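Understanding the architecture of this molecule
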Amino acid sequence: MTRIIPREVPPRRSWQLEQQGLHPLLARIYATRGIESADELNYELKSLLPPASLTHAADAAVLLADAIEAEANIVIVADYDCDGATACAVGLRALRAFGATVNYLVPDRFVHGYGLSPSVVDLAATMSPDLIVTVDNGIASIEGVARAAELGIAVLVTDHHLPGDSLPAAECIVNPNQPGCDFPSKCIAGVGVMFYVMLALRAELRERGWFAEGSGHPEFNLATLLDLVALGTVADVVKLDRNNRILVSQGLKRMREGKLTPGIAALFRAAGRDPMKASGFDLGFMLGPRLNAAGRLSDMALGIECLTTDDPARALNIAQQLDALNRERREIDAGMQEQALALVESIDVADTAGIALFDASWHQGVVGIVASRIKEKLHRPVFAFARADETGGQLRGSGRSIPGLHLRDALDLVSKRAPGLLKKFGGHAAAAGVTIDEADFPRFRDLFAEVAGELLAEDDLTRSLHTDGSLESAYFSLETARLLEEQIWGKAFPRRCSRAASRSSRSACSRKSTSSCGCAWVSCASTPSSSTSAPRPATRCMPPTASASMNTTACRACS
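Residues numbered from 1 in each chain as written. Predicted model: local features only at pLDDT ≥ 70, side-chain atom pairs only at ≥ 80, totals over all residues. Heavy atoms only, no water.

Examining the packing of aromatic side chains
With the rule as written, the count across this model stands at 14 aromatic pairs. With a centroid separation of 6.3 Å and an interplanar angle of 85°, the aromatic rings of F98 and F220 are classed as edge-to-face. Placement of F98 in the loop between α4 (82-97) and β3 (101-105) and of F220 in the loop between α7 (190-207) and α8 (226-235) is noted, with a sequence separation of 122 residues between them. (Phe/Tyr/Trp six-rings, centres within 6.5 Å; stacked < 30°, edge-to-face > 60°. Helix = DSSP H or I, 4+ residues; strand = E, 2+ residues; numbered from the N terminus.)

Let's talk about the nonpolar core
With 131 residues, the main nonpolar core has L64, I76, M198 and L201 as its most contacted residues. Apart from residues lying up to four places away in sequence, L64 is in contact with I74, L95, L131, V133, L156, V197, M198 and L201. Of all hydrophobic cores here, the second largest spans 25 residues; its members include L395, A410, L421 and A432. (Core = buried A, V, L, I, M, F, W, Y, C linked by side-chain atoms within 4.5 Å. Buried < 20%, exposed > 50% of the residue type's maximum accessible area, 1.4 Å probe, protein only. Contact = heavy atoms within 4.5 Å.)

Things to note about the sheet that holds strand β4 (residues 131-135)
Read from one edge to the other, the open sheet built from five strands follows the order β3-β2-β4-β5-β6, with strand pairing classed as parallel. The open sheet has two edge strands with one neighbour each: β3 and β6 (172-174). In this sheet, neighbouring strand axes are inclined to one another by 20° on average, regardless of whether the strands run parallel or antiparallel. Inspection of the sheet shows strand β2 (residues 73-77) paired to β4 by four bridges, in the parallel sense. Looking across to β4, one finds that V77 is bridged to T134. (Pairing = 2+ DSSP bridges. Axes fitted to C-alpha atoms, helices over the stretch in contact; angles between N-to-C directions.)

Side note on helix α15 (residues 407-417)
Of all the positions in α15, only L407, R408, A410, L411, D412, V414 and S415 are classed as buried. Looking at the buried residues of α15, the elements they touch are β8 (382-387), β9 (394-400), β10 (424-427), β11 (431-437) and α16 (441-455).

Observations regarding the confidence of the model for the protein
When pLDDT is averaged across the protein, the result is 88; 89% of the residues are at 70 or more. Here residues 499-559 is a poorly scored stretch, pLDDT under 50, and it has 133 contacts once near neighbours within four places are set aside; other chains count. (pLDDT = per-residue confidence, 0-100.)

Quick look at the sheet that holds β9
Strand order in this open sheet of five strands is β7-β8-β9-β11-β10, and the pairing throughout is mixed. With one partner strand each, in any of the chains shown, β7 (355-358) and β10 form the two edges of the open sheet. Looking at each pair of strands side by side, their axes are set apart by 20° on average, direction ignored. Seen against the sheet, helix α14 (residues 367-378) touches β7, β8 and β9 and runs at an angle of roughly 45° to β9.

With respect to the pattern of salt bridges
As enumerated under the stated definition, the model contains 27 salt bridges in all. Measuring nitrogen to oxygen at the nearest pair gives 3.9 Å for the salt bridge that ties E36 to R13. Placement of E36 in the loop between α2 (24-32) and α3 (57-69) and of R13 in helix α1 (residues 11-19) is noted, with a sequence separation of 23 residues between them. On the basis of relative accessibility, which here comes to 49%, the residue E36 falls in the partly exposed class. Linking D333 and R373 is a salt bridge whose minimum nitrogen-to-oxygen distance equals 2.9 Å. (Salt bridge = Lys/Arg side-chain N within 4 Å of Asp/Glu carboxyl O.)

Some points on unusual backbone geometry
The phi dihedral of E71 is positive, around 55°, even though this residue is not glycine. Position of E71 among the secondary structure elements: in the loop between α3 and β2. If you check the backbone angles, H379 has positive phi at about 55° while not being a glycine. Along the chain, the position of H379 falls in the loop between α14 and β8.

Some details on the pairing of strand β5 (residues 154-158)
A regular strand carries its side chains on alternate faces of the sheet. Judged by how many residues are buried, β5 sits mostly within the fold: five of five residues are covered. The alternating pattern of β5 places A154, L156 and T158 on one face and V155 and V157 on the opposite face, and all of these are buried. Sheet analysis places β4 next to β5, joined by five bridges and oriented parallel. Directly across from T134, in β5, lies its bridge partner V157. Crossover β4 to β5 through helix α6 (residues 142-150) is right-handed. Here β5 runs beside β6; their pairing, made up of three bridges, is parallel. By the bridge assignment for β6, L156 is matched with C172. (Right-handed = clockwise from strand over helix to strand, strands pointing away.)

Some words on the side chain of R33
Counting through the fold element by element, R33 comes out in the loop between α2 and α3. Residue classification places R33 among the buried positions, given a relative accessible area of 13%. Side-chain polar atoms of R33 contact the side chain of D468, separated by 3.1 Å. Leaving out residues up to four positions away in the same chain, R33 has contacts with R7, D468, W489, F493, P494, R495 and R496. (Polar contact = N/O pair within 3.5 Å; in protein donor to acceptor, adjacent residues only side chain to side chain.)

Observations regarding the pairing of β3
When β2 meets β3, the two strands line up parallel, connected through five bridges. The residue of β3 that forms the bridge with V75 is N103. Read from β2 through α4 to β3, the crossover connection turns out right-handed.

What about the packing of α3 against α7?
For the pair α3 and α7, the least separation of the axes is 8 Å and the interaxial angle reads 60°. Put simply, α3 runs oblique to α7. Judged by the twist between their axes, the crossing of α3 over α7 is right-handed. For the pair α3 and α7, the contacting residues are A57, A58, A60, A61, V62, L64, A65 and I68 in the first and V197, M198, A200, L201, E204 and L205 in the second. Among the residues making up the contact of α3 with α7, the classes are represented as 13 nonpolar, no polar and one charged. (Parallel < 35°, antiparallel > 145°, perpendicular 65-115°, else oblique. Left-handed = near helix turned anticlockwise from the far one by under 90°. Nonpolar A, V, L, I, M, F, W, Y, C, P; charged D, E, K, R; others polar.)

Focus: the packing of α4 against helix α12 (residues 301-308)
It is the contact of α4 with α12, at a shortest axis distance of 9 Å, that shows an interaxial angle of 45°. Relative to α12, the element α4 is oriented oblique. Crossing hand, α4 versus α12: right-handed. Here A85, T86, C88, A89, L92 and R93 of α4 lie close against α12, whose contacting residues are I304, L307 and T308. Taken together, the residues of the contact of α4 with α12 break down into six nonpolar, two polar and one charged.

Digging into the environment of E36
Taking the C-alpha atoms as reference, E36 lies 7.1 Å from L17; in sequence the two are 19 residues apart. If near-sequence neighbours (up to four positions away) are discounted, E36 is found in contact with R13, L17 and Q20.

Put into structure tokens, the structure is as follows:
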């Protein structure tokens, strides 16, 4: 059952935006999304929140500047998704440009799991680091940071995930979600956190005269990294608050101007997309999945190499390898999704608030996609599990949630009710990961369903489709589609979806005009014949170049 909810348009706010020079249609759309002044749509770099407002960013800058001056050996420990890869690339490119001795490693998700574990620290120790810097991970790595201390290695944690009850005893932690941090943009991605640390480091090095004339250290323009920041931000599906929209807008602007790092230019080419027309759809559904494929099926070091090489030929060669991995991932995903749907047939969804699925043949790197597919189909929070290794002793699961259920909080409640059931867990509201013993899967399945049932209200279990209402026939044009395409849309800042438009104009489904998410914008609402009808599959809104394997996520930005 799908509930159609029209967005309320505050007339005075819409009128004020129009008086401030906004196109009438944009004024109406932005008014429903909480924009009160055209100044909030100023995406110039000077409008970014200052680095000094991010707690401990200045302390991290001092730590890194001391390491650079001492010619210390720095090792970045990255995560194996797009956010982690772009964050690592930002750190590598900036630190090397500042004169640091820096290398990196990415944990093997099939061997080490997630985060700075003691085994990852031991692996890093073979590179003789004086300082380990985590990107997009580390906030839950209490044991790993303790192991680093035993080995005499300092640790700087940069992360954006939610902390647990205790923080690791690192030399410095930069995370907008740690207790006591007043940074307004709590939803900044891991790559955004690393970018802010690099901004703070540049300011610290300036104070020290590092870039003084004759020093031999030219000042590096950090704006050249904004294409990486935009890619990681969109691909991680974080809320696009104003600060994130600035980062994404500036990154897209550089792409459209042809100012791309060789790796991102190569990814555009491998995906068959034009960077001069770069959009949020390109980042989230074309480039992001190709980069993520390395972490899912192979080694994200391949993706990081693509983003850090300055050799266009080398970048293109890697991008083609990533494209091949992504095709393989799609094939695996299709088979697993079919198996998952078969498992779901035995579940009474009406009486189940939370779902956990497991098949011994499933690929550990793809369970997150399967969880997302089933979540979209059933509108229930879902965990999908695969064996952690060939012995079958433990399972690793990836979960995706619906509005109304904070997934990490749900796991925390599960762990409190069944101490020892969860070997590891972490994440945030919409996505989380967990490790359990294989023998405990039935217990986890039942307890997760119980907890989800307690935390979710009955209304939460009904899918809601928000619409901006009817679109005036005068706006049925390619110009309107282009106007919308130029804006910054995404998570929690959806672009326009019109219910009436698809009734009035079937031409929209010809793909002649598409929105920033890539689907025919006037038909994304799928216009159910009644408020109880299910929307048509999102594949109907996909552009010809997109894969049908993304059918349940392509229109996520419109809902």
